[in-house]
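# Structure at a glance
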Amino acid sequence: MPSFNPQNVPLPAGHLIGGKIHPGNGERLRVNRPSDGQFLGEIPDGDAALVDLAVTNAHQSWLESGWGTCAPRERAKVLRRWACLIEEHRVALGQLEAVSSTRPIYDVINHEIPFTAEAIRFYAECCDKYSGDVLPTRSSSLGMLVPEPYGVIGAITPWNFPLSMASWKLGPALAAGNAVVLKPSELTPFSTIKLAELAIEAGLPAGVLNIVQGRGVSCGSALVNHPLVRKVSFTGSTVTGAQIMSQAALNGMKPVTLELGGKSPQLVFDDAGDIDVVATRIFRGFTANGGQACVAGTRLVVQSGIADALITKLVALCESVAPGNTWSGACRYAPIIDVRQAKKIESIVQAAVKEGAQLLAGGEFFANTEQGYFFKPTLLAGVGAQSVAVQEEIFGPVLTIQTFETEEQGLALADHAIYGLAAGVHTLNIERALRAMRRLAAGTVWINRYGRSGDFIIPTGGFNGSGIGKDLGRQAYEACLRYKSVLIDF
Ligand code: NAD
């Protein structure tokens, strides 16, 4: 994968409203490159007036363009063209993503861009595949359930996978005939604008997708509260999700889809199979994107018979990675997004060590990495269930290790008091695997793998503190429709 010069990437500087870049007023926010901490560019912080402009424009465009009322196949054509344009522009779009986020260009070009395009294609296929229902009523009347789009959906995305997260929101919402106003994270604001410009180039009526930039407390909050936003789809932390849910309830009783944080277990039994394969799986599960993935498998819960051998392999894997700038084609290990997040990771690791955890690998930043923050893959053993490192989502490459003797003990350790996003089960005993699958309180259970595939039919979403509703799958499409009950007498 060719490296590129981060200075040569043009940045869209503003909001996107009605198909045009709007420079915004008021305060400007600095955006830095995660790889080296250097200044990258600025965005405007959208206030309530700006959000009102974007939402009103989206609502008007939605009404006037007929996006919600046209033949569904017309929407499908636009979405398919959009997916093709994403692939055609993969270098420009990919460089924008890599320079401003934690995603190495290698991963962006090989995974992020194809997955973004395919997610849009998946929802293009949904456009004309869903129907309402004819309900059994007496024969002199006709009862129907008629699906229709909400109107304007407000979407808010996090910084860890900017393009994918946007496609998971936009694909189903637009396919179902809604307009969307999306606010990306203020830390990774640029690639979403380019993604939206490509949608308009593909034939999406300008204004049916508007992008607003700014902080969560100003711009994001104004978007949630706007009276013309009829549904909110959010991905981010559990704390913010709770705020959004209460705001949405108080400002129009809007339905919410909330994809939130996680603290997912990797439950490994003695009969997990080839130890090198299992170790690599576990390692990738907690270090992908520098551990900054909602589904990161950050709690190793391992049966005592295999524990020592597995830990030895994991230590070696931890020592094998090297940091690199995200614009280098050789980079495979992601930096931490910013100084705040880096300090949080460091302080939780230090607190765990102070509590008595043993540091088996990492625990510190790589030296000599310009000014970016690259945290070494870290293994913390000897942690109790109440340890801060086990309780809190660290959102960094840190794996806690807990051992158990019996299946029952392992299952009890694997469940988390707050989160229930994903879980990995590693055993070659099919009955044990299925028992664990039934028992674990997690929205996704991976057996003898860890991480998503390109099967967009499989939805993702958490239990308990990890969220409400699903992204991806048919479920995300259905959640972008509301159903009208109709009764006709004749
Ligand atoms: P965050 O909650 O800080 O911010 C997410 C988005 O919400 C940003 O765009 C932010 O500006 C906005 N926001 C913040 N406060 C707001 C408010 N009061 N009103 C409206 N919008 C507001 O999360 P983050 O740090 O950007 O992302 C990391 C978190 O996201 C982690 O907890 C991670 O687990 C979670 N995440 C979950 C999934 C999933 O599918 N479950 C996927 C990716 C990330």
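What you are looking at is a predicted structure, and each value in this text was computed from that prediction instead of being measured.

Moving on, we get to the pattern of salt bridges. Any two side chains of opposite charge can pair, on the condition that their charged atoms come close. Throughout the structure, instances matching the rule amount to 20 salt bridges. D128 is the salt-bridge partner of K129, the closest N and O atoms lying 2.8 Å from each other. The class for K129 is exposed, based on a relative accessible area of 55%. Between D271 and R432 there is a salt bridge; the shortest N-O distance is 3.0 Å. Highlighted residues: D271 in the loop between β12 (265-268) and α9 (275-287) and R432 in helix α14 (residues 430-439), separated in sequence by 161 residues. D271 gets classed as partly exposed once you look at its relative accessible area, which sits at 26%. Overall, the relative accessible area of 17% leaves R432 in the buried class. Members of the salt-bridge network, linked through shared partners, are D271, E407, R432 and R435.

With that settled, consider the site of the ligand. Surveying the vicinity of the ligand reveals 27 residues, the closest of which are E186, S237, T240, L260 and E393. K183 is positioned such that a nitrogen or oxygen atom in its side chain is 2.8 Å from an oxygen atom of the ligand. One of the side-chain nitrogen or oxygen atoms of S237 is found 2.7 Å away from an oxygen atom of the ligand. When the ligand sits alone it has 850 Å² of accessible area, and the protein chains cover 91% of it.

This next bit is on the domain arrangement of the chain. The domain architecture assigned to the chain consists of domain 1 (6-260 + 467-489) and domain 2 (265-454). For domain 1 versus domain 2, the separation of C-alpha centres amounts to 31 Å. Each partner contributes residues to the interface: domain 1 has 26 residues there, and domain 2 has 31 residues. Between domain 1 and domain 2, a total of about 2,200 Å² is buried, with carbon and sulfur atoms accounting for 62% of that surface. Of all residues in domain 1, the largest losses of buried area upon contact with domain 2 belong to S35, T102 and W159, amounting jointly to 25% of the total for that side. Our count for the contact surface shared by domain 1 and domain 2 stands at 0 salt bridges. On the surface where domain 1 and domain 2 come into contact, there are 7 residue pairs in polar contact (both at pLDDT 80 or more). Mapped by element, the contributors of at least two residues to the side of domain 1 that touches domain 2 are α3 (90-100) and α4 (105-126). Ranked by residues supplied to the side of domain 1 that touches domain 2, first place goes to α4 with 4 residues. Counted by class, the side of domain 1 that touches domain 2 contains 13 nonpolar, 8 polar and 5 charged residues.

All right, on to the sheet that holds strand β22 (residues 481-489) then. Spatially, 3 strands are ordered β5-β6-β22 in an open sheet, and the strand pairing comes out antiparallel. Edge positions in the sheet fall to β5 (133-135) and β22, since each has one partner strand and no second. Strand after strand, the sheet turns through a mean of 25° between neighbouring axes, direction not considered. Two elements, strand β6 (residues 141-149) and β22, share 9 bridges in a ladder whose sense is antiparallel. Of the residues in β22, the one forming a bridge with V146 is K484.

Calculation criteria
Residues numbered from 1 in each chain as written. Predicted model: local features only at pLDDT ≥ 70, side-chain atom pairs only at ≥ 80, totals over all residues. Heavy atoms only, no water. Salt bridge = Lys/Arg side-chain N within 4 Å of Asp/Glu carboxyl O. Buried < 20%, exposed > 50% of the residue type's maximum accessible area, 1.4 Å probe, protein only. Helix = DSSP H or I, 4+ residues; strand = E, 2+ residues; numbered from the N terminus. Near = heavy atom within 4 Å. Polar contact = N/O pair within 3.5 Å; in protein donor to acceptor, adjacent residues only side chain to side chain. Areas by Shrake-Rupley, 256 points an atom, 1.4 Å probe, with all protein chains shown as cover. Domains from an automatic or database assignment. Contact = heavy atoms within 4.5 Å. Buried area = accessible area lost by both parts, 1.4 Å probe. Nonpolar A, V, L, I, M, F, W, Y, C, P; charged D, E, K, R; others polar. Pairing = 2+ DSSP bridges. Axes fitted to C-alpha atoms, helices over the stretch in contact; angles between N-to-C directions.

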